Amino acid sequence: MGKVFAQQLAERGFDLLLVARDAERLGALADQLALEYGVSADAWPADLSRDEGMRGLAELLAKSDRLMVLVNNAGFGTKGLLADRPVSEQATMLELHVMAPMLLTRAVLPGMISRREGVVITVASVASFMTSKGSVNYCATKAYQRVMMESLALELEGTGVRAQALCPGFVHTEFHQRGEMNTSWIPNFLWLDAPRVVRESLDAAFGNGPTVVVPAFQYRFIVGLFRFTPGFIRRAFQRRYGRSRT
Ligand SMILES: NC(=O)c1ccc[n+]([C@@H]2O[C@H](COP(=O)([O-])OP(=O)(O)OC[C@H]3O[C@@H](n4cnc5c(N)ncnc54)[C@H](OP(=O)(O)O)[C@@H]3O)[C@@H](O)[C@H]2O)c1
C-alpha cells in the first residue's frame, strides 16, 4: 500500500521521501515515480523497527520545513498463537506499529503546526476494532494506531493540521503472503484493491473527510456491526476472522 500511496501522492504533485528496508526496490520505485510524474523522489532505506532506523528518520523529518504529508504505513502480520511465536518477532511488531509511528508523528507535528498545514495518515486496520486469536499483538497495535490518530485529531483541531487512521479490511498486497497466512477462506467481496483504499484515504485527508476512514461499504457495515452487536455474535465472527492467522 505504501507504493500506491507514493504513486497517488506523486500524481497529486507531491515530492516524495520513500522509506522501507529493501534499498534496491525502493531506489527503483523512486526513480520510476520521478520519471513518470516529474516530482522529486528520494529513497531512504531504513528498518523502522530498530531504534537507529526510526530515530534517524525522525531527526531528518523534524528538520524539514516543507513536509506536508506523513504516511505511517510500514507493518506486518504474523500467524499463530502468542504462546508459540518468537518473543523477538512480537517485540518487533510493537516497535514498528507503535513506537515508530509515535516518534515519526511527534517529529513532524511542530513544523506542521507552525506552518498551519499538514496531514498525518496512519495505516491501522479493521482489526483495530476487533479481537482475534492468532492476532493478539496485531489487533492491539492496530488499536493503538487508530486511537492515537483519533486522540491526536482532537488535539489538532483549529491548527490546520489533520490526523487520519486508515482502517482497511483485506487488501491485495504482499501482506498475507509475507505472513504465510491462509487466505483461501476469505470471500471475494471482502477483498479490496490498494488503489481504491488509498484514494479513499487521500480524498478524505485533503477533502475534510472523517478522522477514521474505513474504505468500502461492506467494511463500514462490519465495523458498525461489531460496535453494536452482542458479544456472542462478535465472537463467532472473530473465530472465523482468526482462522487465517492460527
Ligand atoms: N493488506 C491488508 O489486508 C491490510 C489490511 C489492513 C491493514 N494493513 C496494513 O497496511 C500496512 C501496509 O501493509 P501492506 O498490506 O501494504 O503489506 P506489504 O505489501 O507487506 O507491505 C509492507 C511494507 O512495509 C515495509 N516494511 C515492513 N517492515 C518494515 C520495517 N521494519 N521497516 C521499514 N519498512 C518496513 C515493507 O518494505 P520492506 O520489506 O522493504 O521493508 C513494505 O513496503 C501495514 O501497516 C498493514 O498492517 C494491511
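Basis of the calculations
- Residues numbered from 1 in each chain as written.
- Predicted model: local features only at pLDDT ≥ 70, side-chain atom pairs only at ≥ 80, totals over all residues.
- Heavy atoms only, no water.
- Core = buried A, V, L, I, M, F, W, Y, C linked by side-chain atoms within 4.5 Å.
- Buried < 20%, exposed > 50% of the residue type's maximum accessible area, 1.4 Å probe, protein only.
- Helix = DSSP H or I, 4+ residues; strand = E, 2+ residues; numbered from the N terminus.
- Salt bridge = Lys/Arg side-chain N within 4 Å of Asp/Glu carboxyl O.
- Near = heavy atom within 4 Å.
- Polar contact = N/O pair within 3.5 Å; in protein donor to acceptor, adjacent residues only side chain to side chain.
- Areas by Shrake-Rupley, 256 points an atom, 1.4 Å probe, with all protein chains shown as cover.
- Nonpolar A, V, L, I, M, F, W, Y, C, P; charged D, E, K, R; others polar.
- 1 Å grid on protein atoms, 1.4 Å probe; cavity = no way out; pocket = protein on both sides within 12 Å on 5 of 7 lines; lining within 4 Å.
- Points joined across faces, edges and corners; volume = space filled by probe spheres on them.
- Phe/Tyr/Trp six-rings, centres within 6.5 Å; stacked < 30°, edge-to-face > 60°.
- Lys NZ or Arg CZ within 6 Å of the ring centre and 35° of its normal.
- Expected span 1.5 Å × (residues − 1).
- Arc of directions from axis to C-beta.
- Contact = heavy atoms within 4.5 Å.

*Asks:* Sorry, what's going on with the nonpolar core here?
*Replies:* In globular proteins that are soluble, nonpolar side chains generally tend to be buried together. Counting residues in hydrophobic clusters, the biggest one holds 69 residues, and the most contacted among them are Leu-16, Leu-18 and Tyr-219. It is helix H4 (residues 87–115) that provides the largest number of residues to this core, a total of eight residues.

*Asks:* Looking at this model, I keep getting lost on the pattern of salt bridges. Mind explaining?
*Replies:* A side chain of one charge can pair with a side chain of the opposite charge when the charged atoms of the two come close. For the structure shown, the criterion picks out eleven salt bridges. One salt bridge in this structure joins Arg-178 and Glu-174, with 3.1 Å as the shortest N-O distance. Judged by relative accessible area, which is 55%, Arg-178 ranks as exposed. You can call Glu-174 partly exposed: its relative accessible area is 33%.

*Asks:* Honestly, the site of the ligand in this entry has me stumped. Any pointers?
*Replies:* In the vicinity of the ligand there are 26 residues, among which Met-1, Arg-21, Tyr-138, Thr-173 and Arg-178 approach most closely. With respect to the ligand, the backbone of Asn-73 contributes an N or O atom lying 2.8 Å from an oxygen atom. In the model, an oxygen atom of the ligand is placed 2.8 Å from a nitrogen or oxygen of the Val-171 main chain. Coverage of the ligand by the protein chains reaches 91% of its 870 Å² of free accessible surface. The set of elements that each furnish at least two residues to the shell around the ligand consists of helix H5 (136–155), strand S6 (170–171) and helix H6 (175–178). A total of three residues in the shell around the ligand trace back to one element, the largest contributor, which is H6. Among the residues forming the shell around the ligand, the class breakdown is 13 nonpolar, seven polar and six charged.

*Asks:* Looking at this structure, I do not really get empty space enclosed by the protein. What am I missing?
*Replies:* In this approach, a probe sized like a water molecule rolls over the atoms, and the result shows the empty space that is left. Tallied over the entire structure, the rule returns two cavities of 30 Å³ or more. The volume enclosed by the largest cavity comes to roughly 50 Å³. Surrounding the largest cavity, Thr-78, Gly-80, Leu-81, Leu-82, Arg-85, Gln-90, Met-93, Gly-134, Ser-135, Val-136, Asn-137 and Tyr-138 form its lining. Counting only elements with at least two residues in the lining of the largest cavity, the list comes to H4 and H5. Broken down by element, the residue count for the lining of the largest cavity peaks at three residues, all from H5. Across the lining of the largest cavity, the residue classes tally to five nonpolar, six polar and one charged. In this model, the second largest cavity occupies a volume close to 30 Å³. What lines the second largest cavity is Leu-61, Ala-62, Ser-64, Leu-67, Ala-107, Val-108, Gly-111 and Arg-115. At the level of elements, helix H3 (51–63) and H4 are the ones that each hand at least two residues to the lining of the second largest cavity.

*Asks:* Help me understand the packing of aromatic side chains in this model?
*Replies:* Geometry of an aromatic ring pair is reported as the spacing of the ring centres plus the angle between the planes. The tally for this structure, following the rule as stated, stands at five aromatic pairs. Ring geometry for Tyr-138 versus Phe-175: centroids 5.6 Å apart, planes at 55°, classification tilted. Residue Tyr-138 is located in helix H5, and its partner Phe-175 is located in helix H6; the two are separated by 37 residues in the primary sequence. As far as burial versus exposure is concerned, Tyr-138 and Phe-175 are alike and both buried. Chaining the aromatic ring pairs together yields one cluster made of Phe-170, Trp-185 and Trp-191. Over the ring of Phe-129 we find Arg-146; its NZ or CZ atom is 4.2 Å from the centre of that ring.

*Asks:* Just checking my understanding: could you explain H3 for this structure?
*Replies:* Owing to its 3.6 residues per turn, the α-helix brings residues three or four apart onto one side. Under the 1.5 Å per step criterion, the end-to-end length of H3 is 18 Å for 13 residues, consistent within 8% with the ideal 18 Å. Among the residues of H3, Gly-53, Met-54, Leu-57, Ala-58 and Leu-61 are the ones counted as buried. Buried residues of H3, seen end-on, are gathered within an arc of 120° and therefore sit on one face of the element. Residues of H3 that are exposed and point more than 90 degrees away from the buried face comprise Glu-52, Glu-59 and Lys-63. In the core, the buried residues of H3 are packed alongside strand S1 (16–20), strand S2 (41–45), strand S3 (69–72) and H4.

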